[in-house]
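# Fold and geometry: a report
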Amino acid sequence: MSILVYVEQFEGKAAPVSWEVLGKARELANQMGGKLAAAVLGSGVEAVAKEAISFGADTVYLVDDPSLAAFRVDPYAATVEALIKAHSPKVVLFPATARGRDLSAVVACDLNAGLAADCSDLTLVNGELAAVRPVFSGNLLTTIRFVGSPAMASVRPRSFPAPAADPARTGEVVRSAAVAPAGGYREEVKGFEKTAAGEVSLTDAKIIVSGGRGVAKDPALGFKLIKELADTLGGAMGASRAAVDAGYIPYKHQVGQTGKTVRPDLYIACGISGAIQHLAGMGSSKIIVAINKDPEAPIFSVANYGIVGDLFEVVPALTAEFKKRLG
Amino acid sequence: MNFVVCVKQTPDTAELPKISAAEAVSGDIKATLVLNPWDEFAVEEALLLQDRFGGDVTVMTVGPQRATEALKDAIARGVQKAVLLDDPAFAGSDAWGTAAILAAAIRKNGPVDVVLTGKMSVDGNSGLVAPGLARKLGATLLTQVVKIVDISGGRITVERQLEEGRETVTATLPAVVSVSKEINEPRYPSFMGIRKAAKAVIPTWKLSDLGLSPSEVGAAAAKAQWTDVRKPPARASQVVMIKEATVEATAAKLADLLMAEKVI
Ligand SMILES: Cc1cc2nc3c(=O)[nH]c(=O)nc-3n(C[C@H](O)[C@H](O)[C@H](O)COP(=O)(O)OP(=O)(O)OC[C@H]3O[C@@H](n4cnc5c(N)ncnc54)[C@H](O)[C@@H]3O)c2cc1C
Ligand SMILES: Nc1ncnc2c1ncn2[C@@H]1O[C@H](COP(=O)(O)O)[C@@H](O)[C@H]1O
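Remember, it's a predicted structure, so these values are computed and weren't measured experimentally.

Conventions we followed
Residues numbered from 1 in each chain as written. Chains lettered and ligands numbered in written order. Predicted model: local features only at pLDDT ≥ 70, side-chain atom pairs only at ≥ 80, totals over all residues. Heavy atoms only, no water. Core = buried A, V, L, I, M, F, W, Y, C linked by side-chain atoms within 4.5 Å. Buried < 20%, exposed > 50% of the residue type's maximum accessible area, 1.4 Å probe, protein only. Helix = DSSP H or I, 4+ residues; strand = E, 2+ residues; numbered from the N terminus. Contact = heavy atoms within 4.5 Å. Buried area = accessible area lost by both parts, 1.4 Å probe. Salt bridge = Lys/Arg side-chain N within 4 Å of Asp/Glu carboxyl O. Polar contact = N/O pair within 3.5 Å; in protein donor to acceptor, adjacent residues only side chain to side chain. Near = heavy atom within 4 Å. Areas by Shrake-Rupley, 256 points an atom, 1.4 Å probe, with all protein chains shown as cover. Pairing = 2+ DSSP bridges. Right-handed = clockwise from strand over helix to strand, strands pointing away. Axes fitted to C-alpha atoms, helices over the stretch in contact; angles between N-to-C directions. Domains from an automatic or database assignment. Nonpolar A, V, L, I, M, F, W, Y, C, P; charged D, E, K, R; others polar.

## Focus on the nonpolar core
Judged by nonpolar contacts, the single largest core of 56 residues is most densely connected at Leu-103 of chain A together with Met-60, Leu-85, Ile-106, Val-115, Leu-133 and Leu-210 of chain B. Per element, the largest residue contribution to this core is eight residues, and it comes from helix α4 (residues 95–109) of chain B. Contacts of Leu-133 of chain B, omitting those with residues within four sequence positions, involve Cys-6, Ala-99, Leu-102, Ala-103, Ile-106, Val-115, Thr-117 and Val-176 of chain B. Counting 39 residues, the second-largest nonpolar core is a separate cluster that includes Ile-226 and Leu-311 of chain A together with Val-122 and Ala-251 of chain B.

Put into structure tokens, the structure is as follows:
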């Protein structure tokens, strides 16, 4: 086997980035002329293993065990390490979600393997993995070269297009046993308070509409208008730190260096000046639209399209326009 | 109870765009250097835990002599003890090397209950030191921590913010905890603290003090090497400003353009 991809699932549902990584890994495996395997861990997750085949895996190692019902890094790491030792992949890839990042780091450290965290691109150089990652908060890029094997990387959501599922694809599901962690089960999940259903996650969003301090004259109305536009476009709502610090909107919406890093197809910044720390979180969006009263606002220097105007007028006009078009 | 905070000295975020690839590679950064912003939360949390549970707080960094300024920043906020970890052999360590150095130093420092780190460094951006440290210390790993609920009976209970929601988890001590921004509001260095920091004598521990082998640390041990450090490609396009006679017409024009771009 050449490449092993860890597929992250929560309550039996795969994180979309898992398939993005698997899709890219398929391409790399083809270039290497090797096989692609996926690892699916959890309890009652057989359906996810089948899905992994439809998204490109040749083999899926399915570890379905009650001890893996809730993610805990120790037992997950012990199990993934055992799979790596048994099958010796050259490359092991993880989605760079909170759990995927922990798991990849623990596994790589235990195996004394090189790990490139939070990569934005993967390539092969002379048949070896070379992983591109933003550093210095997105102001520089570096290509990580690995010493020894396996080469490991965690990959940012939306770095690669989601592959199309091919239900006709065939592959092998191999059941493997869960491995108890050497140090025992040191961690116990006591509770989980889920985010409201139906909320689009910022890191997976294709479209994000964000608001900043520009909503100050009526923050509640401002973010209501921004949410209406986001909802109309099927997107997520973001914010600048100034808006979060002023208490207009909770921190989980913050985009930027001390918030989330996002990479949507479309980012609409409303009343956001474009401070460097904000750009660190959204600068690699495909298309950026800026709506700002001030024609000199720095956000216009990274935007593809700009509207100089009052967001309280422009945003509802956009919502009305898209409602018309999208029906 | 004993707490250790691991901090890094990093460039001021406002000056990050000015840093060249050559500076990043050599480590000879001309920008203003500060306490990594994420580590302010770790320092604050250590001080809050000391208020709640008593005990000692030690701050440590792996870095050159100039990194004592980051330790002094922590002292100015109220931390009592600091150690600089510096040796020519440490240069070029990757996350696992840095974690090995910190783990050895933490062991030398004495028994520890909780090690605190920031979520990530604004230069390395990897968030790997905390997991590495947990493994090298044989401690439990708790990342994305937004609240430390309790520490008692050899266990720590925390809340973690994950993509799907907020998890409450208990784990055995010792634990390595990497904290998120929501956990607290960092205090500023106090006037008295700054005076204390100015006078503080900070010990430097070297490779030989830590009983590490040179093969465990430094560039030669690094499994992940930075190559081809470069500026990302500039955003291709010049901004197109849209201004029609009415706001409705402007909205319609933008909608046309975005639909032509196929992003909607
Ligand atoms: C260590 C550190 C980390 C940071 N991390 C982050 C981060 O993660 N994310 C982040 O966003 N920031 C971050 N910042 C803060 C950042 O430097 C800026 O202060 C912040 O991004 C500014 O937010 P803003 O653009 O909403 O506010 P402002 O800079 O005040 O801009 C408001 C904009 O709204 C415009 N405006 C006003 N009224 C209207 C109106 N009616 N219609 C249209 N436009 C209007 C104004 O012209 C102005 O351009 C960080 C700073 C530091 C030091
Ligand atoms: N050189 C270092 N010395 C001490 N602590 C560090 C060092 N580098 C990173 N850390 C800690 O690890 C956290 C994550 O950093 P990083 O893994 O580089 O993203 C930081 O917020 C610090 O708390």
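## Focus on the interface of chain A and chain B
At the interface, 81 residues of chain A touch 79 residues of chain B. Between chain A and chain B, a total of about 7100 Å² is buried, with carbon and sulfur atoms accounting for 58% of that surface. If you sort the residues of chain A by the area they bury against chain B, Phe-136, Arg-186 and Tyr-305 of chain A come out on top, with a joint share of 12%. We note a salt bridge from Arg-325 of chain A to Asp-256 of chain B, for which the minimum N-O separation is 2.7 Å. In this assembly, chain A and chain B are joined by 43 residue pairs in polar contact (both at pLDDT 80 or more).

## Considerations on the site of ligand 1
Around ligand 1, 27 residues are found, and the nearest of them are Arg-213, Ser-240, Thr-258, Ser-273 and Gln-277 of chain A. The environment around ligand 1 is built from residues contributed by chains A and B. Here Arg-213 of chain A contributes a side-chain N or O atom positioned 2.7 Å from an oxygen atom of ligand 1. With respect to ligand 1, the side chain of Gln-254 of chain A contributes an N or O atom lying 2.8 Å from an oxygen atom. Computed on the free molecule, ligand 1 has an accessible area of 980 Å², of which 80% lies beneath the protein chains in the complex. Those elements giving two or more residues to the shell around ligand 1 turn out to be α6 (241–245), α7 (276–282) and α8 (311–326) of chain A.

## Thoughts on the pairing of strand β17 (residues 287–292) of chain A
All names here are of chain A. Counting buried positions along β17 yields six of six residues, so the element is predominantly enclosed. Neither face of β17 is open: one carries Ile-287, Val-289 and Ile-291, the other Ile-288, Ala-290 and Asn-292, and all of them are buried. The sheet contact formed by strand β16 (residues 266–270) and β17 spans five bridges and is parallel. Along β17, the bridge assignment pairs Leu-266 with Ile-287. What joins β16 to β17 is α7, and the crossover it makes is right-handed. When β17 meets strand β18 (residues 305–308), the two strands line up parallel, connected through four bridges. Looking at β18, one finds that Ala-290 is bridged to Gly-306.

## Digging into the pattern of salt bridges
Tallied over the entire structure, the rule returns 33 salt bridges over all chains. In this structure, Asp-123 of chain B engages Lys-8 of chain B in a salt bridge whose closest nitrogen and oxygen atoms are separated by 3.1 Å. With Asp-123 of chain B in the loop between β6 (114–117) and α5 (129–137) and Lys-8 of chain B in the loop between β1 (2–6) and β2 (9–11), the pair connects residues that are 115 residues apart, well separated along the chain. Residue Asp-123 of chain B is classed as buried on the basis of its relative accessible area of 10%. Lys-8 of chain B sits in the partly exposed class, given a relative accessible area of 32%. What emerges from the salt-bridge pattern is a single network uniting Asp-74, Asp-110 and Arg-186 of chain A together with Arg-135 of chain B.

## Let's talk about the sheet that holds strand β10 (residues 140–146) of chain A
The strands making up a sheet associate through hydrogen bonds between their backbones, and the pairing can be parallel or antiparallel. Across the sheet, four strands lie side by side as β8(A)-β9(A)-β10(A)-β12(B); this open sheet has antiparallel pairing. Looking at which strands have only one partner, the edges of the open sheet turn out to be β8 (121–125) of chain A together with β12 (224–230) of chain B. Averaged over all pairs of adjacent strands, the angle between their axes in this sheet comes to 30°, without regard to strand direction. In this structure, β10 of chain A lies alongside β12 of chain B, joined through five bridges in antiparallel fashion. Pairing of Arg-145 of chain A across the sheet is with Gln-225 of chain B, part of β12 of chain B. Contacting β8 and β9 (128–135) of chain A, helix α1 (residues 16–32) of chain A runs over the sheet at an angle of about 5° to β8 of chain A.

## Structural notes on the domain arrangement of chain A
How big an interface is tends to be stated in terms of the accessible area lost upon association of its parts. Residues and elements named next belong to chain A. You can read the domains of chain A as domain 1 (3–175) and domain 2 (207–326). Distance from the C-alpha centre of domain 1 to the C-alpha centre of domain 2: 32 Å. Between domain 1 and domain 2, the residue contacts involve six residues of the former and seven residues of the latter. In total, about 550 Å² of surface goes out of reach between domain 1 and domain 2, with carbon and sulfur atoms giving 38% of it. For domain 1, the biggest contributors to the area lost against domain 2 are Ser-137, Arg-156 and Arg-158; these three give 74% of the whole. For the pair domain 1 and domain 2, the interface holds one salt bridge. With its nearest N and O atoms 2.8 Å apart, the salt bridge here joins Arg-158 to Asp-265. Linking domain 1 with domain 2 are three residue pairs in polar contact (both at pLDDT 80 or more). Tallied by class, the residues present in the side of domain 1 that touches domain 2 amount to no nonpolar, four polar and two charged.

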